[in-house]
Amino acid sequence: MLSGLARALGGQGGAATTAAPQQAIQFADNAPSWEELQAAVEAKQQALNAMPAPLETGPSNSYALRRTFGKPGEPKVKLYRDHAAWCPYCHKIVLQLEEKQIPYVIEKINMRCYGDKPPEFMRKVPSGLLPVLEVDGQIITESAVIQQVLEQLQPEPAMLPPSGSAERQRAAELMRLERQLFSAWLQWLCNGWGHESNRDNFCRTMDAVEAALGEAEGPYFLEDFGLVDITFAPFLERIVSSIAYYKGFRVRGEGRWPNLERWFAAMEARPAYAGFKSDHYTHVHDLPPQLGGCVSVPEAKPFADAIDGKDGKSWRLPLEPLSATSLEAHTPGEQPEIDRLQAAARLVQNREAVTKFCLRGAPGGKRGPRPVSAALCDPTAIPALEHWDAADAALRHVAHALLEGVEAKQASPQALAAAGSSAGHEGATVAPALAYLRDRVCVPRDLKLPAARQFRAHLNWAIDTLQQ
Ligand SMILES: N[C@@H](CCC(=O)N[C@@H](CS)C(=O)NCC(=O)O)C(=O)O
């Protein structure tokens, strides 16, 4: 498996802040070994009945490269989707494949904003645009066309009402409304002019979406869940994140559009949507390189600080639980011990790649020879490998803290100690490397949101402890 927090966390660039420690602090290499940590992960998975589900047949997840849903035979469908799981059009197709349980294999391709595309892919798809579907050697592009092809390939469960029905006509109208919302959103998000009129136009379009949702009996756009919901989902998710961050305006959590709240709650209860749901931080930093920039207003600053973890609490322990009304609305709830375990398991599993990755942020780490425009990614950045042992020791402390909880860890003989406690590794080297990693954790590429929150907060705990 492509080691998630690694190739995935490909990054360098400007988004992130790096901590600047005041002095060189020594810390002791007294955390458990990776082998001990691996054994602790397995024991805890057993004890909490939280064994990882199989990627190929278990719940929807962004790590699998092949999904069979337990059906026999070789999948006929291949999906080329973007590596970082940022592309909203790929998101639509993944949701449809997962909802219909069509077996498929996945090839992850870079977006231009963070890397090159393989020549074989460019030969097949000269435009380079994602998503792309390959069925029996035939290449299909354009997400709306791919949606239709998938409906024909496997009609059940149907994601559209029958052709010629009034419901089908309604579906077509709703698809047009989705494009209208898309335009109103971008007009506000990406422009410095006309803030108020663009906001009013966006709100009017959202009112139309709210009214459309009110016409169906259930929570979805039509009586049954289907392609209309799938088509709205990637954009509504990105709207909620970006409009809070750049415009200081909350779409969710304030009761302004209750049908929309109900729709999100119903979507989040669906395993396919939940498996690919992103978070505010990822979206607000993945959109600008795709869109060519987003424009902030001053009143958005408190929202931006909370989303970037710069408000002194959103990325710090103890974490406030997420709910349907938090800024980062999250309806399934969290299970902190299991969330921490998931973050620890992934760190332990991908330890080599994560260590190498975070050393891009250590003194001596360099931008790649061909810098990219996506702040969260830079597959060509050069790590400062000379600090390997220090980063390895610090990451073992972080994994140990995730497994034990910081109170128990700090009460143990394997506490992470600060300030000249022993002649060990330099905290001054490691703190910026941990900060670099913290600022490039993407959801769902690397971890699901509850585990990502724990990971970011435990990295901050280690940074703070090293700098005390
Ligand atoms: N109309 C196309 C739009 C696809 C599209 O714009 N894809 C973007 C990613 S969101 C892309 O592949 N851009 C090239 C790149 O960034 O490498 C569709 O619906 O499939």
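Remember, predicted model here, so these are calculated numbers, not experimental data.

> When you look at the overall build of the chain in this model, what are you seeing that I'm missing?
Across its full length, the chain carries 18 helices and seven strands. The globule rule puts the C-alpha radius of gyration for 468 residues at 23 Å, and the 23 Å found for the chain is close to it. For the chain, the residues scored as buried account for 57% of the 468 residues in total. Long-range contacts, defined here as pairs at least 24 residues apart, represent 76% of the contacts in the chain between residues at least 6 apart. Taking the average place of the 49 positive charges on the side chains of the chain and the average place of its 55 negative ones, the gap between the two points comes to 4 Å.

> Just checking my understanding: could you explain the side chain of His-283 for this structure?
Within the secondary structure, His-283 sits in helix H11 (residues 280-291). On the basis of relative accessibility, which here comes to 0%, the residue His-283 falls in the buried class.

> Could you clarify how one ought to interpret the site of the ligand in this entry?
Within the structure, the ligand sits among Cys-87, Pro-88, Tyr-89, Met-111, Arg-112, Lys-117, Leu-129, Leu-130, Pro-131, Glu-142, Ser-143 and Gln-290. In the environment of the ligand, an oxygen atom lies 2.8 Å from a nitrogen or oxygen atom belonging to the backbone of Arg-112. At 2.8 Å from a nitrogen atom of the ligand is found a side-chain nitrogen or oxygen belonging to Glu-142. Out of a free accessible area of 510 Å², the ligand has 81% covered by protein chains. Structurally, the ligand is housed in the second largest pocket. Residues that form the shell around the ligand fall into these classes: seven nonpolar, two polar and three charged.

> Would you take a moment to explain unusual backbone geometry for this structure?
Pro-157 follows Glu-156 through a cis peptide bond whose omega is -10°. Its location among the elements puts Pro-157 in the loop between helix H5 (143-153) and helix H6 (166-189). Although it is not a glycine, Phe-69 adopts a positive phi angle of roughly 55°. Following the sequence through the fold, Phe-69 ends up in the loop between strand E2 (66-67) and strand E3 (77-82). Despite not being glycine, Ala-85 shows a phi value in the positive range, around 60°. Mapped onto the elements of the fold, Ala-85 is located in the loop between E3 and helix H3 (88-100).

> For this particular structure, what's the right way to read the pairing of E3?
Sheet faces and side chains relate simply in a regular strand, where the side chains alternate between the two faces. By the criterion of burial, E3 is predominantly enclosed, with five of the six residues buried. As a crossover connection, the stretch from E3 through H3 into strand E4 (residues 104-109) is right-handed. Bridge count for E3 against strand E5 (residues 132-135) is four bridges, and the pairing is antiparallel. Note that in E5 the partner of Tyr-80 across the bridge is Val-132.

> Teacher, can you tell me more about the packing of H3 against H5 here?
The geometry of a pair of packed helices is captured by two quantities: the angle between their axes and the separation between those axes. It is at 10 Å that the axes of H3 and H5 come closest, and there the two elements cross at 10°. Between H3 and H5, the interaxial angle falls into the category roughly parallel. Contacts between H3 and H5 involve Tyr-89, Lys-92, Ile-93, Gln-96, Leu-97 and Lys-100 from the former and Ser-143, Ile-146, Gln-147, Leu-150 and Glu-151 from the latter. When its residues are assigned to classes, the contact of H3 with H5 shows five nonpolar, three polar and three charged.

> Sorry, what's going on with H5 here?
The periodicity of an α-helix, 3.6 residues per turn, causes residues three or four places apart in sequence to face the same way. Every buried residue of H5 is accounted for by Ser-143, Ile-146, Gln-147, Leu-150 and Glu-151. Relative to the axis of H5, the buried residues are bounded by an arc of 140° and lie together on one face. Packing partners of the buried residues in H5 comprise H3, E5, strand E6 (138-141) and helix H8 (227-247).

> How should the pairing of E5 be read in this particular structure?
Side chains of E5 alternate between two faces, with Val-132 and Glu-134 and Leu-133 and Val-135 buried alike. As defined by bridge partners, E5 adjoins E6 across four bridges and the pair is classed as antiparallel. Bridged to Val-132 within E6 is Thr-141. Counted along the chain from E5 to the antiparallel partner E6, the turn is two residues long, and its residue Asp-136 has a positive phi close to 50°.

> What is the right way to read the domain arrangement of the chain from this model?
On domain assignment, one finds that the chain holds domain 1 (4-54 + 334-467), domain 2 (66-153) and domain 3 (166-304). Each of domain 2 and domain 3 has a C-alpha centre, and the two are 24 Å apart. Between domain 2 and domain 3, the residue contacts involve 18 residues of the former and 20 residues of the latter. The interface formed by domain 2 and domain 3 contains one salt bridge. Across the salt bridge formed by Arg-270 and Glu-99, the nearest N and O atoms sit 2.9 Å from each other. Where domain 2 touches domain 3, the interface holds four residue pairs in polar contact (both at pLDDT 80 or more). Looking at the side of domain 2 that touches domain 3, the elements that each hand over two or more residues are H3 and H5. Among the elements that make up the side of domain 2 that touches domain 3, the one with the highest residue count is H3 (nine residues). Here the side of domain 2 that touches domain 3 is built from residues that sort into nine nonpolar, four polar and five charged.

Conventions and cut-offs
Residue numbers here run from 1 along each chain, matching the order of that chain's written sequence. Local features in this predicted model are restricted to residues of pLDDT 70 or higher, and side-chain atom pairs are both shown and tallied only at a pLDDT of 80 or more, whereas totals for entire chains, interfaces and linings draw on every residue. In computing side-chain values, all of the structure's heavy atoms are included and hydrogens and water are not. Comment: elements are numbered from the N terminus, with helices defined as DSSP H or I runs of at least four residues and strands as E runs of at least two. We take the radius of gyration over the C-alpha atoms and set the globule estimate at 2.2 Å times the residue count to the 0.38 power. Remark: exposure states derive from per-residue accessible area (1.4 Å probe, protein chains only) relative to the maximum for the residue type, with buried under 20%, exposed over 50%, and partly exposed in between. The contact criterion used throughout is that any non-hydrogen atoms of two residues lie within 4.5 Å. Within this scheme the basic residues Lys and Arg register as positive and the acidic residues Asp and Glu register as negative, but His and the chain ends are omitted. The atoms used to mark charge sites are NZ of Lys, CZ of Arg, CG of Asp and CD of Glu. Definition of nearness: a residue and a molecule or strand are near each other if at least one heavy atom of the residue lies within 4 Å of the molecule or strand. Between N or O atoms, a polar contact is any pair within 3.5 Å; within protein, one atom must be a potential hydrogen donor and the other a potential acceptor, and residues adjacent in sequence are included only when both atoms are from side chains. Residue-level accessible areas treat just the shown protein chains as cover; the underlying method is Shrake-Rupley with a 1.4 Å probe. A 1.4 Å probe that fits but cannot get out identifies a cavity on a 1 Å grid over protein atoms alone, an open set with protein on both sides within 12 Å along at least five of seven lines counts as a pocket, and a residue lines either if it has an atom within 4 Å of a point. Placement in a cavity or pocket follows one criterion, namely that more than half of the molecule's atoms lie within 2 Å of its grid points. Each residue is assigned to one class: nonpolar for Ala, Val, Leu, Ile, Met, Phe, Trp, Tyr, Cys and Pro, charged for Asp, Glu, Lys and Arg, and polar for all the others, Gly among them. By definition, the crossover connecting two strands over a helix is right-handed if that path, from the first strand to the second, turns clockwise as seen with the strands pointing away from the viewer. Here, any two strands with at least 2 DSSP bridges between them count as paired. To get an axis, a line is fitted to the C-alpha atoms, and for a helix only the part in contact is used. The angle between two axes follows their N-to-C directions and goes from 0 to 180 degrees. Each angle gets one of four labels, with under 35 degrees taken as roughly parallel, over 145 as roughly antiparallel, 65 to 115 as roughly perpendicular, and the rest as oblique. Picture the helix axis, draw a direction to every C-beta atom, and the arc is the one those directions span. An automatic or database domain assignment supplies the start and end points of every domain. The term salt bridge refers to a pairing of a side-chain nitrogen on Lys or Arg with a carboxyl oxygen on Asp or Glu at a separation within 4 Å.

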